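Coordinates in review
What follows is each chain in one-letter form.
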Amino acid sequence: MRGEVRIQGSKNAVLPMMAAAVLCEEITVIENCPDISDVHAMAEVIEDIGGCVTYENHCLTIDAAGIRSKSIEEKKVKEIRASVLLTGSMLARFGKVTIDYPGGCSIGSRPIDFHIKAFHKMGVVTTEDESCIRCETNSSLRGTAIELEFPSVGATENIILAAVLAKGVTWIQNAAREPEIVEFCHFLQTMGAKIKGEGTEHIIIQGVSKLHGIKWRLGADRIVFLTYAMMVAGCGGEAYLETDSDTPPKEITVLSRLGCQIRLESKGISIQQESRPNSISYICTRPYPGFPTDGQSLLMAVLSKSGGISTIEESIFENRFRMIRQLRKMGANIDYVSNRARITGVTKLHGAKVEADDLRSGAGLLIAAGMAEGITTVSREHFIHRGYEDVVTHMRKLGLTAKYRREE
Ligand code: UD1
């Protein structure tokens, strides 16, 4: 591989920002917004309740002044997990909301009990039936201390959304610390929210009476960065990945373990891999700052051709190992018991017809396809479009032969 790619804006940062735009009656503009189907699905949900959303040249504009409906039933809610974040913002703005259960990639059971328990502590009464949850508060939401059982990204974001306009102070203990949460908090602070402690496990939010519209430039997507970096780690060669930042994502440490040479540049990172990837004796997915579950399928694809035996433990989403069946079709030697996979590196992968099971398994299969001899066809690629913009063009820019055939 050889070439340059500019890394798109972050999916997991822009989705909560879109929910935050619903908190105020002014216009919010998000630049460098990725052209991916999850963003468009979230935009449809916001439009369905009365918001006005436009997208042009990677610039997303949301005018939430016209939102009237408190019932979010649009079928897209079932397609994207992040739609659940509209619960926090609608409760904060209107004191009530009814929302269909959110969907998203079926990478695990993905309950929302942490979100609901936190809302109860803030004075929300909920009633649930088979398809939807009704949430309502008699007076305004009230700040309180909330301790999360697990540092859930979505629950942390939803609580923050509810808390920024609540009465008093909300303390989140055991909050998620992902960089997307930090950027999301900076976005809200620019809107006028009072938040402290983002990036640590204690986040403190002092409710304010009003937020205002802003213009924001979105940072690069660290998982998309990791995807193209892993392609280089698996296929060999050199690539420059432009991130508009001189601070490398934490995930570069795993690239060093795979044997890559890394050079930090003023606006991005160069990755070079001259040999077969190293094996990694043991790695476990963990909440940030641990190795991300979203990078696990990418890493597994690379390790399938490493020079030894590796073990991956998946501690967050139980269905991620479905990709193993697809990698085996390409000649990979991977066994697993429960949430532990043992990957014995092979010298060759071969092309095959494979299917994406979710967004990141689709990306992992693209990496494996680049590493394999012969042609690989990845179907159900709509999963990939949820989070990757122009993936085929970018793979070509990096020297792979790739083409796109629309799903029938
Ligand atoms: C977000 C990311 C996703 C990433 C994940 C973990 C977005 C849009 N998605 O998903 O890409 O893989 O974080 O980094 O940002 N849990 C419960 N009850 C809850 C909430 C979560 O048991 O109420 C469990 C989940 O089943 C899972 C774990 O907590 O095992 C982590 O989930 P969470 O961090 O909430 O993931 P998401 O916000 O859905």
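Structural notes, computed from the coordinates.

**Comments concerning the overall build of the chain**
Looking only at helices and strands, the chain has 13 helices and 22 strands in total. By the compact-globule yardstick of 22 Å for 408 residues, the chain fits well, its C-alpha radius of gyration being 21 Å. Overall, the chain is about 65 × 45 × 40 Å in size when its C-alpha atoms are taken along their principal axes. The contacts of the chain with a sequence gap of at least 6 include a subset with a gap of at least 24, amounting to 71%. Summing over all exposed atoms, the chain offers an accessible surface of approximately 16,700 Å²; the carbon and sulfur share of this is 48%. Averaging the positions of the 48 positive and the 50 negative side-chain charges in the chain gives two centres separated by 3 Å.

**Focus on the pattern of salt bridges**
Applying the stated criterion across every chain, the model contains 18 salt bridges. In this structure, Arg380 and Asp357 form a salt bridge, with 3.0 Å as the shortest nitrogen-oxygen distance. Pair noted here: Arg380 is in the loop between strand 22 (377–379) and helix 12 (382–385) and Asp357 is in the loop between strand 21 (353–355) and helix 11 (359–371), with a separation of 23 residues, a long-range link. Judged by relative accessible area, Arg380 falls into the partly exposed class, the value being 32%.

**Quick word on the site of the ligand**
Taken together, the neighbourhood of the ligand is formed by 17 residues, with Asp113, Ser152, Val153, Asp294 and Ile316 sitting nearest. Note that an oxygen atom of the ligand is positioned 2.8 Å from one of the backbone N or O atoms of Val153. Gly154 is positioned with one of its backbone polar atoms (N or O) 2.8 Å from an oxygen atom of the ligand. Taken together, the elements giving at least two residues each to the shell around the ligand come down to helix 4 (113–121) and helix 5 (153–163). Residue contributions to the shell around the ligand peak at three residues, all from helix 4. Tallied by class, residues from the shell around the ligand come to seven nonpolar, five polar and five charged.

**Looking at the side chain of Thr87**
Mapped onto the secondary structure, Thr87 falls in helix 3 (residues 85–94). Look at Thr87 and you get buried, because its relative accessible area is 3%. Residue contacts for Thr87: discarding those within four places in its chain leaves Val97, Ile99, Phe119, Cys135 and Asn158.

**With respect to the sheet that holds strand 1 (residues 2–6)**
Within the open sheet, the four strands sit side by side as 1-14-16-15. Their pairing is mixed. Edge positions in the sheet fall to strand 1 and strand 15 (261–264), since each of these pairs with one other strand and no more. Pairwise comparison of adjacent strand axes, ignoring direction, gives a mean angle of 15° for this sheet. Note: strand 15 against strand 16 (residues 268–273), four bridges, orientation antiparallel. Directly across from Ile262, in strand 16, lies its bridge partner Ile271.

**As for the side chain of Glu157**
Structurally, Glu157 is set in helix 5. Buried within the structure, Glu157 lacks any salt-bridge partner; its nearest side chain of opposite charge belongs to Arg81, at an N-O separation of 8.7 Å. Once you skip the residues sitting within four places of it in the chain, Glu157 turns out to touch Asn12, Pro16, Leu85, Ile181 and Phe184.

**Topic: the packing of aromatic side chains**
Evaluated as defined, the whole model comprises two aromatic pairs. Geometrically, the ring pair formed by Phe321 and Tyr336 is edge-to-face, given 5.6 Å between the ring centres and 65° between the ring planes. Residue Phe321 is located in the loop between strand 18 (309–313) and helix 10 (323–329), and its partner Tyr336 is located in strand 19 (residues 333–337); the two are separated by 15 residues in the primary sequence. On the basis of relative accessible area, Phe321 is assigned to the buried category, the value being 5%. Above the plane of the ring of Phe94 lies Lys70, whose end atom (NZ or CZ) is 4.6 Å from the centre.

**A closer look at the sheet that holds strand 6 (residues 96–100)**
Sheet strands line up and pair through hydrogen bonds in the backbone, either parallel or antiparallel. Read across the sheet, four strands follow the order 5-6-8-7 without closing on themselves; strand pairing throughout is mixed. Pairing within the sheet leaves two strands with one partner each, and these edge strands are strand 5 (71–72) and strand 7 (125–128). The sheet contact formed by strand 6 and strand 8 (residues 132–136) spans five bridges and is antiparallel. Within strand 8, the residue paired with Lys96 across the bridge is Glu136.

**Some details on the environment of Cys132**
Structurally, Cys132 can be placed in strand 8. By relative accessible area, which is 8% here, Cys132 ends up buried. For the pair Cys132 and Gly268, spaced 136 residues apart in sequence, the C-alpha to C-alpha distance is 44 Å. With residues near it in sequence (within four places) discarded, Cys132 still touches Thr98, Ile99, Asp100, Tyr101 and Thr127.

**A word on the nonpolar core**
In terms of nonpolar packing, the biggest core is built from 77 residues, with Met18, Ile160, Val164, Leu188 and Leu211 touching the most fellow members. Considering each element in turn, this core owes the most residues, eight residues, to helix 1 (residues 11–21). In this structure, Met231, Ala239, Met300 and Leu366 belong to the second largest nonpolar core, which totals 62 residues.

**Thoughts on helix 2 (residues 37–48)**
Look at helix 2: 16 Å from first C-alpha to last across 12 residues, which is about the 16 Å you get at 1.5 Å a residue. Of all the positions in helix 2, only Asp38, Val39, Ala41, Met42, Ala43, Val45 and Ile46 are classed as buried. In this structure, the buried residues of helix 2 make contact with helix 1, strand 3 (52–56), strand 4 (59–63), strand 5 and helix 3.

Basis of the calculations
- Residues numbered from 1 in each chain as written.
- Predicted model: local features only at pLDDT ≥ 70, side-chain atom pairs only at ≥ 80, totals over all residues.
- Heavy atoms only, no water.
- Helix = DSSP H or I, 4+ residues; strand = E, 2+ residues; numbered from the N terminus.
- Rg over C-alpha atoms; globule rule 2.2 N^0.38 Å.
- Contact = heavy atoms within 4.5 Å.
- Areas by Shrake-Rupley, 256 points an atom, 1.4 Å probe, with all protein chains shown as cover.
- Lys, Arg positive; Asp, Glu negative; His and termini not counted.
- Charge placed at Lys NZ, Arg CZ, Asp CG, Glu CD.
- Salt bridge = Lys/Arg side-chain N within 4 Å of Asp/Glu carboxyl O.
- Buried < 20%, exposed > 50% of the residue type's maximum accessible area, 1.4 Å probe, protein only.
- Near = heavy atom within 4 Å.
- Polar contact = N/O pair within 3.5 Å; in protein donor to acceptor, adjacent residues only side chain to side chain.
- Nonpolar A, V, L, I, M, F, W, Y, C, P; charged D, E, K, R; others polar.
- Pairing = 2+ DSSP bridges.
- Axes fitted to C-alpha atoms, helices over the stretch in contact; angles between N-to-C directions.
- Phe/Tyr/Trp six-rings, centres within 6.5 Å; stacked < 30°, edge-to-face > 60°.
- Lys NZ or Arg CZ within 6 Å of the ring centre and 35° of its normal.
- Core = buried A, V, L, I, M, F, W, Y, C linked by side-chain atoms within 4.5 Å.
- Expected span 1.5 Å × (residues − 1).

In short, the description is geometric, and any link to function would need to be established separately.
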